[in-house]
Structures are given as C-alpha cells and as structure tokens.
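The chain contents come next:
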Amino acid sequence: MRSIILICLIFVNVILKCQNKTDKEKVTYFLTNHKYKQALKLCNNNLSISQTKSDLINHSWFLSVKGIIYLDTINADSGKIFCEKSLNEAYKIGNKKSICNSLHGIGKYYYRTNEFKLALKHFEFLNNYSINIKDKNYELISNYYSGAIYYFLKSYRKALSYDLKACKLAIETKDTADYIRTILAIGSQYEALRIIDSTDYYYSLANTVFLKYSKKTNNTEAVINDALVKINILKQNYTNGIKFGHRAINAAIKDNNYSILNVYYDNTAICYTNLKQYDSAYFYYDKALELELKYNYIYEYKEDLKELIFISKLTQNNIKAFFYIDRYIASDSLYQNSNSDVIDSLKIAFEKEKAELTLKTEKEKIQDAYKKKQIIYIAIVIILLLLVTIIPYLFYLRKRITIEKEKQNLLIQVKDSEIKALQSQMNPHFIFNSLNSVLEFISKSEKDNSIKFLTKFSRLIRLVLEHSNKKTIVLADEIELLNLYIELEKIKTENGFNFTFKIDKDLDVQDYEIPAMLIQPFIENSIIHGIQNKIKISEQEKKMYKGELKVSFIKSKDFLKCIIEDNGIGRRKALEIKNNKSFNHLSLGMRITKNRLNLISESKCKIEYIDLKDATNNSIGTRAEILIPLIENF
C-alpha cells in the first residue's frame, strides 16, 4: 500500500514539473507569434501560483517575461518596472537565467527609448552572464542588440563585428530564424557603408536560406522581402522594389505584426517616389504615419512628414504641403502628451497590481485568524438566523424587486444609448463616402457633374442633418432621402443603371416611421459591389450592360418588408473581387446597420440574401429582404 502511494506521489510530482515546463514553452511560443494577450494571461496565472507557493525562481522568470511583453506592446515604462522588479528578485536568489532574462528586458527598454549608453551597459552585463552560464542564446541576443545600437550610432564597422559574432552563435545554436536575422543585420551594415556587392550578397543569402531551410516563422518572410526592397533601391530598380514591398506588407499583416509595418510602408513609398508615382507614395507614407502615431514612433513619424512635405513641394501641392508642415510642428507636443498619459496610466496599473498583492497577503492572515474563531462565529450566526429569519427575508425580497426594476430601466436606457451611438456613427460614414465622390468629380475636372452632384448632395446632407438627432424618421422622408442618394450614385456611374421604387398600396408612407439611414447601406451594397463591378467587367469584356435596381416597400402585418434587387455581378463574384484586392474595404456601413437592427428589436429583425440565377445556373443578381417592425412595436 505504501509503495502504491509513493508511486502516485512521484507521478503527481512529475506532472507538476511538466506543467511548469509546458507553461514556459507556451509563453515563449505566444511571444514568438506575437500573441501577447495569451502570453500575459498565462504569465499572470503563473505569477499568482508562484506567489502562493513562494516559488521565487518561477516568480522571477515570469515577472521578467511580463516586462518583455509590455515592452513589445509599446508600454515601455511599465515593462521596465516589471523587469527591474524581476532583476531584484533574481539577484536575491542568485538565479542567473532570470538575471539574463531581466537584463535582456531592461536593455531592450533603453534601446527602445534611444538611451544607447545604458542599453549597451545592460547588454554587456548580459553578455558576461551568458558566457558565465554558457548560454549561447542570451550571448547571441546581447551581440545582436549591441550591433543594432552601434548601427543607430552610425559606427557601422563596430556594429559589423558584433553582427558577425551573433551570426557565428546562430550557426552554433542551429537556429535558422536567428541565422537569417543576423545575415540581414550584416547586410544592413554593408548597406549603410554603401558597399553594394556585399549588401546584395548577404541579403540574397538570407533569402536563399529562408526559401531552402526556414519554416515560415512570424515576421521572417516580411523582413526578407523588405531587405530585397532595400537592395533594389540601392540598384535603382524601383519596380522590383515595389513588388517585394507589397510582399513584405502582406506578410506582416498576415502575421499580425503591425509594430514594424511602418518600415515596409516607408520603403515601398520610396520606390513609388522615385518612379514619380506620387499618389501611391502619399498613400503608403500616410499608412506609415497612422502606425507611427499609434506606437509613438516619434522619430520615424517626423522623418515621414519631412518626406511628405518634400513630395508636396515637388508636385506643387501647397495645400498638402501646409497640412504636413502643421502636423510636423505639432508632432513634439502630441507625442509628449500621449506618452505621458500612457506612462502615468501604466504606473497606476502597476501600483494597483502591487497593492492587490499586498492586500492578498493581508487577507490570508485574516483568514488564518478567522479559522481559530470559526466555532464562535458559526454559533453566533446560527443564533442570529433563528432570531431574525422572516423579517430580513421580506426586506430582501422587496429590495430585490426594486433592484430588478431599476436594472430593467437601466438596460432600456443603455440599449437606447447604444442605438443612438451607432446611428451617430452611420451619418459620418455616409457623408464621408459622398464627399469622396465629390472629390472624384473635382479631380477629373468634371465641372457640370460636380455642380449637379453638389446640388443634390447639399439637399441630401440637409435631410440627413435634420434627422440626425431623431430616433426614427417618417417613411416618406426616408424614401425621399434614398431617392436622392440613388440619383447621386447614378451621376457617379454616368447613368450606368436604372432604378425604380415600388410602394405597397396598403402602406401609407406618412403614417409609419422607421430608424433613419437603416436601408441606405443595403442599397449602397447593391450599387457598389453588384452593379458597379458588373459595369467594370462588361467594359473590359466589351459587352453591353445596363444596371437595374428595384426597391420595394411592402406592409406585412406589423412589419415593413423592404426588398432591394439588382442585376449585378452576384455575391460570390463580388467576394472574389474583394478578396483579390491588396487592401479590402471594411464594410463599416453594413456592420453598423446589422448592429442597429439587433439592438432595435433583437430577433424580430431579419435580413435574408437571395442569389438570383438564370436557367443555366449563372448568377444574374442579388435580392436582399429586410424585415423591420413598424413603429407601434418598438
């Protein structure tokens, strides 16, 4: 019997050890694949367990990883706080692995904040510790980051010596991904030194190794393609550069690695600028600016603004030049304000976590004291329950009914607020799309169409603004608004389609109201994705085609049934076209509308799409049927 118990205990111990190992491997995997939320959750769980068990080794390790997670998600100051706390714990227990991990995190922090002297100091410490414990992975990290720092300090020869050491270590550790990264780093040094042959050799070698040996690890594909962009820029082969630039961008988006995507946008924009394709250059620089604002890359943000100002002056576009100059002037104060807010909020979050840990310890002490007096407390509770049973229950019941009523009222108010918020999002989305059409006419110098469009557009905007603060709109006004919108789309397509409105004779459009701008996104979908796509394909195939759009309103008991039918390309083909585009348009209008329908009447609202087919099963259009409760049922 004792031997069986002993075997069970050993088995349980082995399972626990494997579990710890598995959690560390999972965290490493999540970090490698940029799954920071999952990594952070797993770290917090293990920190809680190790705190309870007083397991300082695991606690220190997971604390340092938590700091690195914050660093990699641009919460730099908070990351530094956790790494420093981990380093203190690691020094106390003399755990050199945790010391290395913490030094890596703190060095990374100073590297990110451009405090290069402090960064070098910590990576030097890391190098010494890694040699001492014979850990070539940390030795590789220290040499790789030291090379990157000297690159930023423009000491390219010194940087090259560190990168060569890192490359040698990557070969010894047989890590293909690290080997590729170090080859690319060496190529970067030669690129900075303007030694084109060596740059070409190392970038091409990295690509060869990647294609032959490497698995498609996160970010490697994007980095390789970006290196090929840079070598093509050096060779002034900008068309090839654009091809590799698009590959780098798509790979980074696929891998969800947005923190470095601005670099790929910038290099692609450089190629377009040199080819004098300035509209594309504007587009990619603007995409880079968005990310640089999000991640507080202030240096890169200002450099890109300089390039945009240069292109604006080159193309004599004074309006854009002044716009980008204003943003450049405001960039310093913008960064300082946003950065201070981030730092303050993260420090508060950290202090809160620390306070919660302290509170947890105090609670455990209180619980120990409570257990000693448990018998007395139980006796007191039993006596009190016997004395007062009915009266407290009645008070509780009354209070519960009151709370439930308040809760229902609050839910109704929240629901109304959500509907109003979604409606307020719909109006700017609709106006933005219309303004884009005006700009298109103006850019094409189509004066008559511009005036005609603006006249109808002003009437449409007046109607939209009149109803923007209303929860519902008379059906007659909604039909007038839709009619104006369709006329505007007809102007855009140069009368590329006909449209008809059909209203049920039993439906008095003056007697009923529906939520404003609820039907317009479905009509927009039919025109843009159905009819306009078919117009383009017909023009390419030199076939005759005239679009047809039919909108019907039918009263069905207590509901309004709206049918939108088109003879466009069909949903399947439209989806193929959308997926083949480099940048898919986000159907914001449809998403907002579906959310509004769900909030307005939950399961009562219905949307059904029907694919129209001919006798040979070919697509001849799409019909959308929307069922909306009439105002009396809201």
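Residues numbered from 1 in each chain as written. Predicted model: local features only at pLDDT ≥ 70, side-chain atom pairs only at ≥ 80, totals over all residues. Heavy atoms only, no water.

A look at the pairing of strand 4 (residues 547-556)
In step 1: Alignment of strand 2 (residues 497-503) against strand 4, held across 7 bridges, turns out to be parallel. Within strand 4, the residue paired with Thr-500 across the bridge is Lys-550.
In step 2: Judged from the 8 bridges that link them, strand 4 and strand 5 (residues 559-566) form a sheet pairing that is antiparallel. By the bridge assignment for strand 5, Ile-554 is matched with Lys-561.
In step 3: Hairpin connection from strand 4 to strand 5: 2 residues lie between these consecutive antiparallel strands, with Lys-557 at a positive phi of about 55°. (Pairing = 2+ DSSP bridges. Helix = DSSP H or I, 4+ residues; strand = E, 2+ residues; numbered from the N terminus.)

Description of the environment of Ile-620
In step 1: Considering the arrangement of structural elements, one finds Ile-620 in strand 7 (residues 619-629).
In step 2: Sequence separation of Ile-620 and Gly-568 is 52 residues, and the distance between their C-alpha atoms is 6.5 Å.
In step 3: In this view, Ile-620 contacts Asp-566, Asn-567, Gly-568, Leu-612, Lys-613 and Asp-614; residues no more than four positions away in its chain are not counted. (Contact = heavy atoms within 4.5 Å.)

Observations concerning the packing of helix 9 (residues 176-192) against helix 11 (residues 220-234)
In step 1: Interhelical geometry of helix 9 versus helix 11 gives an angle of 20° and a closest axis separation of 11 Å. As summarised for this structure, helix 9 and helix 11 are arranged roughly parallel, according to the angle between their axes. Crossing handedness for the pair helix 9 and helix 11: left-handed. For the pair formed by helix 9 and helix 11, the contact residues are Ile-180, Leu-184, Ser-188 and Glu-191 on the first element and Thr-220, Val-223, Ile-224, Ala-227, Lys-230 and Leu-234 on the second.
In step 2: Residue composition of the contact of helix 9 with helix 11, by class: 6 nonpolar, 2 polar and 2 charged. (Axes fitted to C-alpha atoms, helices over the stretch in contact; angles between N-to-C directions. Parallel < 35°, antiparallel > 145°, perpendicular 65-115°, else oblique. Left-handed = near helix turned anticlockwise from the far one by under 90°. Nonpolar A, V, L, I, M, F, W, Y, C, P; charged D, E, K, R; others polar.)

Considerations on the sheet that holds strand 4
In step 1: Read from one edge of the open sheet, 5 strands run 2-4-5-7-6, paired in mixed fashion. Each edge of the sheet is formed by a strand with only one pairing partner; in this case those strands are strand 2 and strand 6 (606-613). Put simply, the sheet's adjacent strands are angled 15° from each other on average, direction ignored.
In step 2: As defined by bridge partners, strand 5 adjoins strand 7 across 8 bridges and the pair is classed as antiparallel. Its bridge partner lying in strand 7, Phe-559 is registered against Pro-629.
In step 3: Packing of helix 20 (residues 475-492) onto the sheet brings it into contact with strand 2, strand 4 and strand 5, and relative to strand 2 it is tilted by some 170°.
In step 4: Most of the contacts of helix 21 (residues 520-541) go to strand 4, to which it runs at about 155°, and overall it touches strand 2, strand 4, strand 5, strand 6 and strand 7.

So, a nonpolar patch on the surface
In step 1: Residues Ile-390, Tyr-393, Leu-394, Tyr-396, Leu-397 and Ile-401 make up a contiguous nonpolar surface patch of roughly 630 Å² in combined accessible area.
In step 2: Looking at the secondary structure, you find Leu-394 in helix 18 (residues 390-443). (Patch = residues over 30% accessible without salt bridge, like charges linked within 9 Å, V, L, I, M, F, W, Y side chains within 5 Å. Areas by Shrake-Rupley, 256 points an atom, 1.4 Å probe, with all protein chains shown as cover. Salt bridge = Lys/Arg side-chain N within 4 Å of Asp/Glu carboxyl O.)

A few points about the pattern of salt bridges
In step 1: The tally for this structure, following the rule as stated, stands at 15 salt bridges.
In step 2: A salt bridge links Lys-97 to Asp-135; the shortest N-O distance between them is 2.5 Å. In this pair, Lys-97 is assigned in helix 5 (residues 96-112) and Asp-135 in the loop between helix 6 (116-132) and helix 7 (136-152), connecting sequence segments 38 residues apart.
In step 3: With a shortest N-O distance of 3.3 Å, Lys-492 and Glu-489 are connected by a salt bridge. With Lys-492 and Glu-489 both in helix 20 and 3 residues apart, the pair spans about one turn of that helix.
In step 4: When its relative accessible area of 25% is taken as the criterion, Lys-492 is described as partly exposed.
In step 5: The exposure class of Glu-489 is buried, given its relative accessible area of 5%. (Buried < 20%, exposed > 50% of the residue type's maximum accessible area, 1.4 Å probe, protein only.)

Observations concerning the packing of aromatic side chains
In step 1: As enumerated under the stated definition, the model contains 20 aromatic pairs in all.
In step 2: Aromatic side chains Phe-323 and Tyr-324 sit 5.2 Å apart centroid to centroid with 65° between the ring planes, which places their arrangement in the edge-to-face category.
In step 3: Under the relative-accessibility criterion, Tyr-324 is labelled buried at 3%.
In step 4: In textbook terms, an aromatic cluster arises when at least three aromatic residues are bridged by ring pairs, as seen for Tyr-111, Phe-116, Phe-123, Tyr-144, Tyr-145, Tyr-151, Phe-152 and Tyr-156.
In step 5: Taking the ring centre of Trp-61 as reference, the NZ or CZ of Lys-24 above it sits at 5.1 Å. (Phe/Tyr/Trp six-rings, centres within 6.5 Å; stacked < 30°, edge-to-face > 60°. Lys NZ or Arg CZ within 6 Å of the ring centre and 35° of its normal.)

Examining the environment of Ala-321
In step 1: Looking at the secondary structure, you find Ala-321 in helix 16 (residues 318-372).
In step 2: Ala-321 sits 13 residues away from Leu-308 along the chain, and the two C-alpha atoms are 7.5 Å apart.

Some words on helix 2 (residues 36-52)
In step 1: When the terminal C-alpha atoms of helix 2 are compared, their 24 Å separation across 17 residues agrees well with the 24 Å that a helix rising 1.5 Å per residue should span.
In step 2: Within helix 2, the full set of buried residues consists of Tyr-36, Ala-39, Leu-42, Cys-43, Asn-46, Leu-47 and Ser-50. Down the axis of helix 2, the sector holding all buried residues measures 140°, keeping them to one side. Those residues of helix 2 that are exposed and angled more than 90 degrees off the buried face are Lys-37, Lys-41 and Thr-52. (Expected span 1.5 Å × (residues − 1). Arc of directions from axis to C-beta.)

A look at the pairing of strand 7
In step 1: Relative to strand 7, strand 6 runs antiparallel, the two being bridged by 8 bridges. Each bridged residue has a counterpart across the sheet, and for Asp-611 the counterpart in strand 7 is Thr-622.
In step 2: Connecting strand 6 to the next strand, strand 7, in antiparallel fashion are 5 residues, including Asn-617 with a positive phi near 65°.

Topic: the side chain of Glu-625
In step 1: Mapped onto the fold, Glu-625 is located in strand 7.
In step 2: Looking at Glu-625, its side chain comes within polar contact range of the side chain of Arg-623, at 3.2 Å.
In step 3: The residues touching Glu-625, leaving out its near neighbours within four places in the chain, are Lys-561, Cys-562, Ile-563, Lys-606, Ile-607, Glu-608 and Ile-610. (Polar contact = N/O pair within 3.5 Å; in protein donor to acceptor, adjacent residues only side chain to side chain.)

Digging into the packing of helix 6 against helix 7
In step 1: For the pair helix 6 and helix 7, interaxial distance at closest approach is 8 Å and the crossing angle is 160°. In terms of orientation, helix 6 and helix 7 fall into the roughly antiparallel class. Every pair of crossing elements has a handedness; the one defined by helix 6 and helix 7 is left-handed. Residues Phe-116, Ala-119, Leu-120, Phe-123, Leu-126, Asn-127, Ser-130 and Ile-131 of helix 6 lie in contact with helix 7, whose contacting residues are Tyr-138, Glu-139, Ile-141, Ser-142, Asn-143, Tyr-145, Ser-146, Ile-149, Tyr-150 and Phe-152.
In step 2: The class makeup of the residues in the contact of helix 6 with helix 7 is 12 nonpolar, 5 polar and 1 charged.

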